[in-house]
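# Tertiary structure, described
So you can see what is in the structure, the chains are spelled out below.
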Amino acid sequence: MNLRSLIAGLTALSLSPMILVLGPTGPAAANDRLTLVEAIRIAERNAPSVRSAEAGLEGAEARVEELVGGAFPQVSLSTSAYSIQMLGSGSGAGSLSMGGLGGLGGLGGGLGSLGGLGGLGGLGGGGSTMAQVQLSANQVLFDAFRTRDGLKMADISRDLARVEIVNVRRRAQFEAANAYVGVLRAQSLLDVSRVALEQAQAHVEQATIRERSGVGTRFEVLQAQTQLANIQGQYSRAQAGVEMARLSLGTSLGVSVMGVSLEQSLALPTVRVSADTYDTAIANRLEVQQISLKQAMDETSVTLQGRAYLPTVAGLGQYSYQPGGSNYYLLGTSISWTLLNGNQTEAKINQAKVEVAKDLQQLEAIRRQVALDIQNAMSARSEAVDRVAIAQLGVASAAEGYRLAQVRFQAGVGTGLEVIDAQTSLAQAQSNLVQAKYDVQAAELRVTQALGLELQTVLAKKGSAS
């Protein structure tokens, strides 16, 4: 293995092609590769939190419809039928007995109560059966704008539900993206461990050959075998790391990705941050939108609670029909005005005002947090980029040191311990490079999230630019 192929094998951040069809929510064919864009789409579709938020929106829309329906006249129809039967007594006095719906049987022939009282007709007295149908209508004429304010709050609640849907979708996207990067990171570290394992195996063979030829020692062979055992343990842990990373990605997507092939390389677009970025980020961050909507709702609640001081006026109408009897209708109005309720209204207004004050404080805290999130994400990205440059120099130096150690060992002027130390340094340098490169990708995700940007939009811009 020459130096160029060694460095290429160590610095490549790639995945071995392992294919497994995901099913209806994953790649359609076995040759498909699961891209980052497709992964976040799958996560968005399968996230239970998204479906829960959508159900919340349906509930908010139903509440709006309920309040709108309350503004229309309320019409009801009621019917009743009953019988009155006079029962005679031994003293000649009579008593009045009223039957229930059983009296419906006597509507046509005046048979009296069929609810078990018809057989008592011979005891004396007379009876009658009556029925009544009533049609009633009620309409609120003035409710001191309570319905209007209630609709305003319901509309705000619906807007909050819509923002929550976007919020959980974004969260699902970024969770999937971070898990995706985690798989690529773990696979690249496994590749580093695999190369180190091959180098350790080759060193054991070289040490054994030197011992057999009489130019090496048994101690060098034992050192090489010990190093090989250590790297075998590291390789096993790296394999477990890949498995855990894929389990994490599968959890985010809602489907198994244990054998799915991912993108061989990943380079997220660099999101530029300017002086105007902070104001834009504050407007884009969904937390700010949510607390702003809550503030509007609480302010409306203050107004709505104050409506209790005003009266309400309602109109009513009723039509009554009695077969064979008198029919009538009536029209009227009713006024309701609470004059005294033990300062309950004032207490509710004060509670709503306290909520508004809390909203303002929370809004200011969120704005400060947004600025801090952006600064932290940018610092993490800058630091990771610097580490990539440093790690690349470290890999080049470690690779050259490993080459020289091998040359010296093969020439008989170096020891096996020098080769082991050089190989360990090279593996560590390559691991540092892997970590730094994927830390850059993770930092790009953090910057995108801190700015309140849609990840799919950012990736789409990258695709169109390429």
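Refer to the structure above for everything that follows.
Quick summary incoming for the structure in this document. It should be emphasised that the depicted structure is a prediction, and the values quoted were computed from it without experimental measurement.

## With respect to the overall build of the protein
Helix and strand counts for the protein stand at 10 helices and 5 strands. Burial analysis of the protein (466 residues in total) assigns 37% to the buried set. Look at the contacts in the protein between residues 6 or more apart in sequence, and 80% of them connect residues 24 or more apart. When the accessible surface of the protein is totalled, it reaches about 24,900 Å², and 56% of it is carbon and sulfur.

## Observations concerning the environment of S301
Along the chain, S301 falls in helix 7 (residues 286-306). Along the chain, S301 and K348 lie 47 residues apart, while their C-alpha atoms are 9.1 Å from each other. Residues in contact with S301, not counting those within four places in the same chain, are M153 and A352.

## Comments concerning the nonpolar core
L34, L36, Y180, L249, L253 and L262 are the most contacted members of the largest nonpolar core, which has 60 residues in total. Contributions of two or more residues to this core are made by helix 2 (36-46), helix 4 (146-213), helix 5 (218-253), helix 8 (344-411), helix 9 (416-450) and helix 10 (455-465). With 16 residues, helix 4 is the single largest residue contributor to this core. The residues touching L253, leaving out its near neighbours within four places in the chain, are L34, A39, I42, A43, N46 and A176. Counting residues in each nonpolar core, the second largest holds 13 residues, with I366, I374, V447 and V458 among its members.

## Looking at the pairing of strand 5 (residues 328-336)
Walk down a regular strand and you will see the side chains alternate between the two sheet faces. Relative to strand 5, strand 4 (residues 312-321) runs antiparallel, the two sharing 9 bridges. Looking at the pairing, A314 lines up with S334 of strand 5. With antiparallel pairing between neighbouring strands as the criterion, strand 4 and strand 5 make up a hairpin whose turn holds 6 residues, including G324 at a positive phi of roughly 75°.

## Looking at the side chain of Q290
One can find Q290 in helix 7. Ignoring anything within four residues of it in the chain, the contact list for Q290 reads L160, V163, E164 and N167.

## Brief notes about a nonpolar patch on the surface
A contiguous nonpolar surface patch, about 880 Å² in accessible area, is contributed by V75, L77, V133, L135, Y319, Y321, Y329 and L331. Contributing elements (two or more residues each) for the nonpolar patch: strand 1 (74-88), strand 3 (127-142), strand 4 and strand 5. Assignment of secondary structure puts V133 in strand 3. The class of V133 is partly exposed, set by a relative accessible area of 31%.

## Some points on the packing of helix 4 against helix 8
Between helix 4 and helix 8, the shortest axis-to-axis distance is 11 Å and the interhelical angle comes to 15°. Classified by the angle between their axes, helix 4 and helix 8 sit roughly parallel to one another. Of the two possible hands of crossing, helix 4 and helix 8 adopt the one that is left-handed. Across the interface between the two elements, Q199, H203, Q206, A207 and R210 of helix 4 pack against Y402, Q406, F409 and Q410 of helix 8.

## Considering the side chain of T448
Tracing the backbone shows T448 in helix 9. In this structure the side chain of T448 is engaged in a polar contact, spanning 2.9 Å, whose partner is the backbone oxygen of E444. Those residues in contact with T448 that lie beyond four places of it in its chain are F174, V271, L453, L455 and V458.

## Comments concerning helix 3 (residues 48-70)
Compared with an ideal rise of 1.5 Å per residue, which puts 23 residues at 33 Å, helix 3 spans 34 Å between its outermost C-alpha atoms and is within 8% of the ideal. What helix 3 keeps buried is the set V50, A53, L57, A60, V64 and L67. Residues of helix 3 that are buried sit in contact with helix 2 and helix 4.

## Some details on the pattern of salt bridges
Two side chains of opposite charge can pair, provided their charged atoms sit close to one another. Taken as a whole and judged by the stated rule, the model has 24 salt bridges. The partner of R185 in a salt bridge is D439, with the nearest N and O atoms 3.0 Å apart. Here R185 is found in helix 4, whereas its partner D439 is found in helix 9, with 254 residues between them in sequence. A relative accessible area of 17% places R185 in the buried class. In this structure D439 comes out as partly exposed when scored by relative accessible area, which is 23%. For the salt bridge of R194 with D191, the shortest nitrogen-to-oxygen distance reads 2.7 Å. Of this pair, R194 and D191 both sit in helix 4, separated by 3 residues, roughly a single helical turn. Taking relative accessible area as the criterion, R194 reaches 26% and is therefore assigned partly exposed. Judged by relative accessible area, D191 falls into the buried class, the value being 9%. Within the structure, one salt-bridge network assembled from shared partners comprises K294, D298, E355, K358 and D359.

Cut-offs applied
- Residues numbered from 1 in each chain as written.
- Predicted model: local features only at pLDDT ≥ 70, side-chain atom pairs only at ≥ 80, totals over all residues.
- Heavy atoms only, no water.
- Helix = DSSP H or I, 4+ residues; strand = E, 2+ residues; numbered from the N terminus.
- Buried < 20%, exposed > 50% of the residue type's maximum accessible area, 1.4 Å probe, protein only.
- Contact = heavy atoms within 4.5 Å.
- Areas by Shrake-Rupley, 256 points an atom, 1.4 Å probe, with all protein chains shown as cover.
- Core = buried A, V, L, I, M, F, W, Y, C linked by side-chain atoms within 4.5 Å.
- Pairing = 2+ DSSP bridges.
- Patch = residues over 30% accessible without salt bridge, like charges linked within 9 Å, V, L, I, M, F, W, Y side chains within 5 Å.
- Salt bridge = Lys/Arg side-chain N within 4 Å of Asp/Glu carboxyl O.
- Axes fitted to C-alpha atoms, helices over the stretch in contact; angles between N-to-C directions.
- Parallel < 35°, antiparallel > 145°, perpendicular 65-115°, else oblique.
- Left-handed = near helix turned anticlockwise from the far one by under 90°.
- Polar contact = N/O pair within 3.5 Å; in protein donor to acceptor, adjacent residues only side chain to side chain.
- Expected span 1.5 Å × (residues − 1).

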